[in-house]
Amino acid sequence: MSETKPYEISRKAVYAAYERVKANKGSHGVDGQSIEDFEKNLKGNLYKIWNRMSSGSYFPKPVKAVSIPKKNGGTRLLGIPTVEDRIAQMTAKLYFEPAVEPMFHDDSYGYRPGKSAIDAVSVTRRRCWSRDWVLEYDIKGLFDNIRHDYLLEMVRRHTPHKWILLYVERWLSTPFQLEDGTLQPRTSGTPQGGVISPVLANLFLHYAFDSFMAKEYPKAWWERYADDGVLHCKTYQQAIYMQSVLRERFRLFGLELHEEKTRIVYCKNADRREEHHEISFDFLGYTFRPRLAKNKQGNIFLNFLPAMSDKAIKVMKEEVRSWKMQLKVSKSQNDLAGMFNSHIQGWINYYGHFYKSELIYSLRYINQCLIKWVRRKYKRLKHRRRAEYWLGRIAQREKNLFAHWRYGVLPTAG
């Protein structure tokens, strides 16, 4: 390399970062530049990022603030960096994540390579069978309230690269640009939507929670996915005690428990006779509660199991309604399958792991919308029974057409 720079950053790393950002897609930031626009001068734009980062003259643009609805009501502020800032953050992540990932706890599942939300749900299910009580906890506004001074000290401990610390500090202090163009300063938090934000949040919670629990309560069982967590307890009294411990621990790091979303739950099943007013909790889109199950001998019994949550079902139906399938009378059934199968398959892939009957019930709603489409498209099939029969015949003949048909959720053929 002929050019001497204060910071040694590989050009190959910048290109690899660009490829990952492109694969992740995402919308434009405050400058309006899309990935396609960036690629019109790809070589020059990547060189500019590398040159500025290597020389210390890289300064991020404001983060585009977008309000998105929360599943439980209200809105969350999502921060969308520009394409070039996402590539710069990904470059830093490629250097930084391998340094901290090996020390992260096995029971931390959020935004980590080789781990998934389904892994967390599976472990939670198994542990609920072994311990009677659960402390369901939620950290209030984690991404908005992370202390910058603490986080920067944590980053400093785990990287020999001064440029990573320099740019993390700049990214943390980059203002939001609101929809009206107003700049909103940031003195805490790391924006949801930032490429490097998840690994920074995991680093912060590694010290605030994970390593603390491993050291002080090594026999405790817990699962954490970002700011959502579950802690398994043997008794109700132990759950109350751990709730007070967590409340104080998070307070030391400038965080607080979301009291409305933090609850003690009894994992009731056929063998557990105690009474408690809370016998269900939601975790990662699944509701854990007592459900009827069948053992290997074919006997029905009460077990504590996860299934697609009511909130997730509501969100799914709202999205299906937003497709306005019945109005797309100019489209064929093949067109509709091409438009929506990836969404449907995504739900099946995620919610089809446990207690599938809740998912199947929800997927039938898609068939109802398809029947409305048939009735509008074909005058001779205006009557519901005829439309059901017609669609059911197609489903029997072409079971691979729609993703939920492949899953066995077929409209009836009369």
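Just so it is clear, the model here is predicted, and its values are computed rather than measured.

Attention now moves to the sheet that holds strand β1 (residues 63–69). Sheet architecture is open: four strands sit in the order β2-β1-β4-β5, paired in mixed fashion. Every other strand in the sheet has two partners, leaving β2 (75–80) and β5 (183–184) as the edge strands with one partner each.

So, about the pairing of strand β10 (residues 286–294). A regular strand places its side chains so that they alternate between the two faces of the sheet. Alignment of strand β9 (residues 281–283) against β10, held across three bridges, turns out to be antiparallel. Bridge assignment links D282 to a residue of β10, and that residue is T287. What sits between β9 and β10 in their antiparallel hairpin is a turn of two residues, with L284 showing a positive phi close to 55 degrees. Here nine bridges tie β10 to strand β11 (residues 300–308), and the two strands are oriented antiparallel to one another. Residue pairing across strands places K294 opposite I300, the latter belonging to β11. Where β10 folds back onto β11 in an antiparallel hairpin, the turn is made up of five residues, including G298, whose phi is positive at roughly 90 degrees.

Of note in this structure, L284 is not a glycine but carries a positive phi near 55 degrees. Among the structural elements, L284 can be located in the loop between β9 and β10. A relative accessible area of 16% places L284 in the buried class. Despite not being glycine, K324 shows a phi value in the positive range, around 50 degrees. In this fold, K324 is placed in the loop between α11 (310–322) and α12 (333–351).

This part is about the environment of E319. For E319, the position within the fold is in helix α11. Remark: the alpha-carbon pair of E319 and A88, spanning 231 residues in sequence, is separated by 33 Å. Those residues within four positions of E319 in sequence are excluded, and the remaining contacts are H343 and W347.

This structure, assessed with the given rule, holds 30 aromatic pairs. Relative to F250, the ring of F209 lies with its centre 6.0 Å away and its plane at 20 degrees, an arrangement referred to as stacked. A residue pair is termed long-range when its members are at least 10 positions apart, and F209 in helix α9 (residues 197–216) and F250 in helix α10 (residues 236–252) qualify at 41 residues. Judged by its relative accessible area of 0%, F209 is buried. Between W373 and Y378, the aromatic rings sit 6.4 Å apart at their centres with planes inclined by 80 degrees, giving edge-to-face as the arrangement. The structure contains a cluster of three or more aromatic residues connected by ring pairs, namely Y58, Y95, W163, Y167 and W171. Lying across the ring of Y207, R157 places its NZ or CZ 5.0 Å from the centre. It is R170 that lies over the ring of F59; its NZ or CZ is 3.8 Å from the centre.

As a further point, take the pattern of salt bridges. Opposite charge on two side chains allows them to pair when their charged atoms are near. Across all of its chains, the model carries 18 salt bridges by this definition. A salt bridge links R272 to D132; the shortest N-O distance between them is 2.9 Å. On the criterion of sequence distance, the pair formed by R272 in the loop between β8 (263–266) and β9 and D132 in the loop between α5 (117–130) and β3 (133–138) is long-range, its members being 140 residues apart. In this structure, the salt-bridge partner of E398 is R397, at a minimum N-O distance of 4.0 Å. Its relative accessible area of 30% is what places E398 among the partly exposed residues.

A separate point is the packing of α11 against α12. Across the interface, α11 lies against α12 with an axial gap of 12 Å and an inter-helix angle of 170 degrees. Taken together, α11 and α12 sit at an angle that is classed as roughly antiparallel. Residues A312, M316, E319 and V320 of α11 lie in contact with α12, whose contacting residues are H343, W347 and Y351. Per-class residue counts for the contact of α11 with α12 are five nonpolar, one polar and one charged.

What counts, and at which threshold
- Residues numbered from 1 in each chain as written.
- Predicted model: local features only at pLDDT ≥ 70, side-chain atom pairs only at ≥ 80, totals over all residues.
- Heavy atoms only, no water.
- Pairing = 2+ DSSP bridges.
- Helix = DSSP H or I, 4+ residues; strand = E, 2+ residues; numbered from the N terminus.
- Buried < 20%, exposed > 50% of the residue type's maximum accessible area, 1.4 Å probe, protein only.
- Contact = heavy atoms within 4.5 Å.
- Phe/Tyr/Trp six-rings, centres within 6.5 Å; stacked < 30°, edge-to-face > 60°.
- Lys NZ or Arg CZ within 6 Å of the ring centre and 35° of its normal.
- Salt bridge = Lys/Arg side-chain N within 4 Å of Asp/Glu carboxyl O.
- Axes fitted to C-alpha atoms, helices over the stretch in contact; angles between N-to-C directions.
- Parallel < 35°, antiparallel > 145°, perpendicular 65-115°, else oblique.
- Nonpolar A, V, L, I, M, F, W, Y, C, P; charged D, E, K, R; others polar.

Don't take any of this as a statement about function, it's just geometry.
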